[in-house]
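Residue strings, one per chain:
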Protein chains: 2
Amino acid sequence: MTEARLATRLTERLAIDHPIVLAPMAGVSGGALAKAVTEAGGLGLIGGGYGDADFLDAAFRDAGNTRVGCGFITWSLAQNPALLDRVLAHDPAAVMLSFGDPAPFAPAIRAAGGVLICQCQTLDHVRQALDAGAEIIVAQGGEAGGHGAVRGSLNFVPEVADHLAGAAPDVLLLAAGGVADGRGLAAALTLGADGVLVGTRFWAAAESLAPEGHRTAALSAGGDDTVKSKAVDMIREKRWPDDFSLRVRRNAFTDRWAGREDALADALAREIPRYAAAAARGDAEESAPICGEAIGLIRSIDPAGEILTRMAADAVLRLRSAGAAIKRGA
Amino acid sequence: MTEARLATRLTERLAIDHPIVLAPMAGVSGGALAKAVTEAGGLGLIGGGYGDADFLDAAFRDAGNTRVGCGFITWSLAQNPALLDRVLAHDPAAVMLSFGDPAPFAPAIRAAGGVLICQCQTLDHVRQALDAGAEIIVAQGGEAGGHGAVRGSLNFVPEVADHLAGAAPDVLLLAAGGVADGRGLAAALTLGADGVLVGTRFWAAAESLAPEGHRTAALSAGGDDTVKSKAVDMIREKRWPDDFSLRVRRNAFTDRWAGREDALADALAREIPRYAAAAARGDAEESAPICGEAIGLIRSIDPAGEILTRMAADAVLRLRSAGAAIKRGA
């Protein structure tokens, strides 16, 4: 006897048990985390990050024979496009492109037989992704951890669903940004998504590669304790397009520099090595834990498989209890 | 034979048919709109706005014998506290306080037998509202139209639900920000809310007092076409606390001034009368339509009663179709 589960177009298309995909978080979603998510019945995506070929090879090696995919920061991939072939050689279950024009990379992904997932922050991104032949759109709200834009998931997801219903009804939709438990998954399905892409909850998983000090510090945070800024990218020397900023847990570093980017620019020579040293030791005050508003829903670091199983089971319960509010007409 | 409906703790507590409350939008939610929402089975709240006693008296008069409530901008009410007694004399079904400390006004509301609703944008606001004795908390996400803060509804609502479950399990919860149709209502219930507070969708209702030109222009907008800034409050000479900014439809005015508030400050003598004249004629480019991201889900101006009835019916359908994804265990 197995538990009830949620079967959607996504579980059917990807041949997975639960409509839950791991966000390919740079430096966080390694082979072990991706493997754990897939083994629990979701789909794990390795974080291609800023193009470290050795990290990618190690991640696929760590995932072993488990079916996983990979996600890229598109503008970064454009600076090192050979990485895509390197990943396609691993026969990934899916390739996700975020933050940039997917068109240059879509043909190779489709030719290799991979599922193309495009993460979008605006309706214009969605149109661009459909033009490139995306099979799955991720509608990412600004409450997400890490990079993103400004839309609220609760209304962006149904707006994208409406667009897909008209323009590309066979393209699937994942909700991202703020989804950390069964309630978020249940809500995503009622909003018209076929599943969810989950970052922060798995960032706080046992198999996450995020610094231990960052994850531990984040557990005490509420959702009001995050902040978006350009300061963290400046000090990490990541040259992000202006359209995207980074959401992190607020700390001593962001209190000092977020909103004071001009002053930080003048202090970079001194601050960059200081930040790097803090990050290396997992200092959660002087380097930034990269998590989203949903950190306020997370109280413990658990194995990814347990997180996923509980999220799926709780979503079933939530849909049933919300459905119980329906009173038949007389 | 009546249609199926959603019965929650909110419908029971307020003795209404559908768990939908009209946001008390300043200058928009007049007596006719509040009346229409109540008559369709929700609860209409008149917008107390910036303290125009004549507007309030007229609104209650327009609502006639229909049971409606009223909402105040708390920091503005503090400048003219006698308005509260004036409203309480109308025996409102509920009084909602937003944007400021509710403590000074809560005792009079409770003494008059009214239901105290407090709108909150952070967990600290929630704690403050509970201390003041709120019976209903509105968790408002930053995607909302008009004034608000920054949290995403999709994760703020469940975080507030968790807080209430521990601290005040009998206090009810409404989701606000981004809810414009049955999908949003269904999602709110799965997230742990007892109902929703709806602004933008009713802003675009036939009975809304928003300028016709503003509403018509907004119909062509997508959710990406709104912007938050301080510029509109500056030019309207509304002295809002720094914690809140105003979301409006992006237009020629915001393109010129949003993010350039310092320059606007120098130009106020010239720009204030220009803006006021544009607002008076409903010019949607030179004065700001005050709507939220959910404008991207709205395609027509309809009677409020139809909007509400459809929202409630669609939420039932959405919960049923999402629930149909549940496959029983084997």
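Worth saying up front: this structure is predicted, and the values here are computed from it rather than measured.

Thresholds, definitions, all that
- Residues numbered from 1 in each chain as written.
- Chains lettered and ligands numbered in written order.
- Predicted model: local features only at pLDDT ≥ 70, side-chain atom pairs only at ≥ 80, totals over all residues.
- Heavy atoms only, no water.
- Helix = DSSP H or I, 4+ residues; strand = E, 2+ residues; numbered from the N terminus.
- Rg over C-alpha atoms; globule rule 2.2 N^0.38 Å.
- Contact = heavy atoms within 4.5 Å.
- Areas by Shrake-Rupley, 256 points an atom, 1.4 Å probe, with all protein chains shown as cover.
- Lys, Arg positive; Asp, Glu negative; His and termini not counted.
- Charge placed at Lys NZ, Arg CZ, Asp CG, Glu CD.
- Domains from an automatic or database assignment.
- Buried area = accessible area lost by both parts, 1.4 Å probe.
- Polar contact = N/O pair within 3.5 Å; in protein donor to acceptor, adjacent residues only side chain to side chain.
- Salt bridge = Lys/Arg side-chain N within 4 Å of Asp/Glu carboxyl O.
- Pairing = 2+ DSSP bridges.
- pLDDT = per-residue confidence, 0-100.
- Axes fitted to C-alpha atoms, helices over the stretch in contact; angles between N-to-C directions.
- Expected span 1.5 Å × (residues − 1).
- Buried < 20%, exposed > 50% of the residue type's maximum accessible area, 1.4 Å probe, protein only.
- Phe/Tyr/Trp six-rings, centres within 6.5 Å; stacked < 30°, edge-to-face > 60°.
- Core = buried A, V, L, I, M, F, W, Y, C linked by side-chain atoms within 4.5 Å.

### Remarks on the overall build of chain A
Step number 1: Within chain A one finds 15 helices and 13 strands.
Step number 2: The globule rule puts the C-alpha radius of gyration for 330 residues at 20 Å, and the 19 Å found for chain A is close to it.
Step number 3: For chain A, the share of sequence-separated contacts (at least 6 apart) that also reach a separation of at least 24 residues comes to 64%.
Step number 4: Carbon together with sulfur atoms contributes 50% to the accessible area of chain A, which is approximately 12000 Å² in total.
Step number 5: Each charge class in chain A can be summarised by its mean position, and for the 32 positive and 40 negative side chains these summaries are 4 Å apart.

### Describing the domain arrangement of chain A
All names here are of chain A.
Step number 1: Domain annotation of chain A identifies domain 1 (9–209 + 305–329) and domain 2 (213–290).
Step number 2: Between the C-alpha centres of domain 1 and domain 2 there is a distance of 25 Å.
Step number 3: Taken together, the contact between domain 1 and domain 2 spans 19 residues of the former and 17 residues of the latter.
Step number 4: Taking both sides of the interface into account, the surface hidden between domain 1 and domain 2 amounts to around 1500 Å²; carbon and sulfur atoms contribute 61%.
Step number 5: For the pair domain 1 and domain 2, the interface holds 13 residue pairs in polar contact (both at pLDDT 80 or more).

### Here's the deal with the interface of chain B and chain A
Step number 1: The interface of chain B with chain A comprises 52 residues on the first partner and 52 residues on the second.
Step number 2: Of the roughly 3900 Å² buried between chain B and chain A on both sides combined, carbon and sulfur atoms contribute 56%.
Step number 3: Considering only the side of chain B, the residues that lose the most area to chain A are B:L154, B:T190 and B:I326, jointly responsible for 16% of the buried surface there.
Step number 4: Inspection of the chain B/chain A interface yields six salt bridges.
Step number 5: One salt bridge in this structure joins A:R151 and B:D224, with 2.7 Å as the shortest N-O distance.
Step number 6: Across the contact surface, chain B and chain A share 23 residue pairs in polar contact (both at pLDDT 80 or more).
Step number 7: Elements supplying a minimum of two residues to the side of chain B that touches chain A: β1 (5–6), α7 (123–131), α8 (153–167), α9 (182–190), α15 (304–323) and β13 (326–327) of chain B.
Step number 8: By residue number, the principal contributor to the side of chain B that touches chain A is α8(B), which donates seven residues.
Step number 9: Where strand β13 (residues 326–327) of chain A meets β1(B), two bridges bridge the pair, whose relative direction is antiparallel. Each residue of the ladder has a partner; that of A:K327, found in β1(B), is B:R5.

### Concerning the confidence of the model for chain A
Step number 1: Within chain A, residue pLDDT values average 96, and 99% of them lie at 70 or more.
Step number 2: Both scores are available for the predicted complex, with the pTM at 0.98 and the ipTM at 0.98.

### Concerning the sheet that holds strand β4 (residues 68–73) of chain A
All names here are of chain A.
Step number 1: Taken in spatial order, the eight strands of this open sheet run β2-β10-β9-β7-β6-β5-β4-β3, and their pairing is parallel. One side of each edge strand has no neighbouring strand; the edge strands of this open sheet are β2 (20–22) and β3 (44–47). When strand polarity is set aside, the average angle formed by the axes of neighbouring strands in this sheet is 25 degrees.
Step number 2: Here helix α7 (residues 123–131) sits on the sheet in contact with β6 (115–120) and β7 (136–140), set at roughly 165 degrees to β6.
Step number 3: Set on the sheet, helix α9 (residues 182–190) makes contact with β2, β9 (172–176) and β10 (195–198); between it and β10 the angle comes to about 135 degrees.

### Notes on α8(B)
Step number 1: A rise of 1.5 Å per residue sets the reference length of α8(B), with its 15 residues, at 21 Å; its end C-alpha atoms lie 20 Å apart and thus fit the reference within 8%.
Step number 2: Residues of α8(B) that are buried include every one of B:S153, B:L154, B:N155, B:F156, B:V157, B:P158, B:E159, B:V160, B:A161 and B:L164, and no others.
Step number 3: Those residues of α8(B) that are buried lie in contact with α8 (153–167) and α9 of chain A together with β6 (115–120), α7, β7 (136–140) and β9 (172–176) of chain B.

### Thoughts on the packing of aromatic side chains
Residues and elements named next belong to chain B.
Step number 1: Overall, the coordinates contain 14 aromatic pairs over all chains when judged by the stated rule.
Step number 2: Centre to centre, the rings of Y50 and W240 are 6.4 Å apart; their planes meet at 85 degrees, and the pair counts as edge-to-face. Placement of Y50 in the loop between β3 (44–47) and α3 (53–63) and of W240 in the loop between α12 (231–235) and β12 (245–249) is noted, with a sequence separation of 190 residues between them.
Step number 3: The class for Y50 is partly exposed, based on a relative accessible area of 28%.
Step number 4: We classify W240 as buried; its relative accessible area is 9%.
Step number 5: Look at W75 and W240: their rings are 5.2 Å apart centre to centre, the planes differ by 80 degrees, and that puts the pair in the edge-to-face class.

### Here we look at the nonpolar core
Step number 1: If you look at the biggest cluster of nonpolar residues, it comprises 206 residues, and the most contacted ones within it are A:F72, A:I137, A:F202, B:F72, B:I137 and B:F202.
Step number 2: With 12 residues, the next largest nonpolar core counts B:V232, B:F253, B:A267 and B:Y275 among its residues.

### So, the side chain of B:T254
Residue and element names in this part refer to chain B.
Step number 1: In this fold, T254 is placed in helix α13 (residues 252–257).
Step number 2: When its relative accessible area of 3% is taken as the criterion, T254 is described as buried.
Step number 3: A distance of 2.9 Å separates a polar side-chain atom of T254 from the backbone nitrogen of N251.
Step number 4: Residues within four places of T254 in sequence aside, it is in contact with V227, V248 and R249.

### Some points on the pattern of salt bridges
All names here are of chain A.
Step number 1: Here the structure, examined in full by the defined rule, presents 40 salt bridges over all chains.
Step number 2: Between R9 and D194 there is a salt bridge whose closest N-O contact spans 3.0 Å. Residue R9 is located in helix α1 (residues 9–14), and its partner D194 is located in the loop between α9 and β10; the two are separated by 185 residues in the primary sequence.
Step number 3: According to the relative accessible area criterion, R9 is partly exposed, its value standing at 38%.
Step number 4: Here E212 makes a salt bridge to R215, at a shortest N to O gap of 3.3 Å. In this pair, E212 and R215 both sit in helix α11 (residues 212–218), three residues apart, roughly one turn of the helix.

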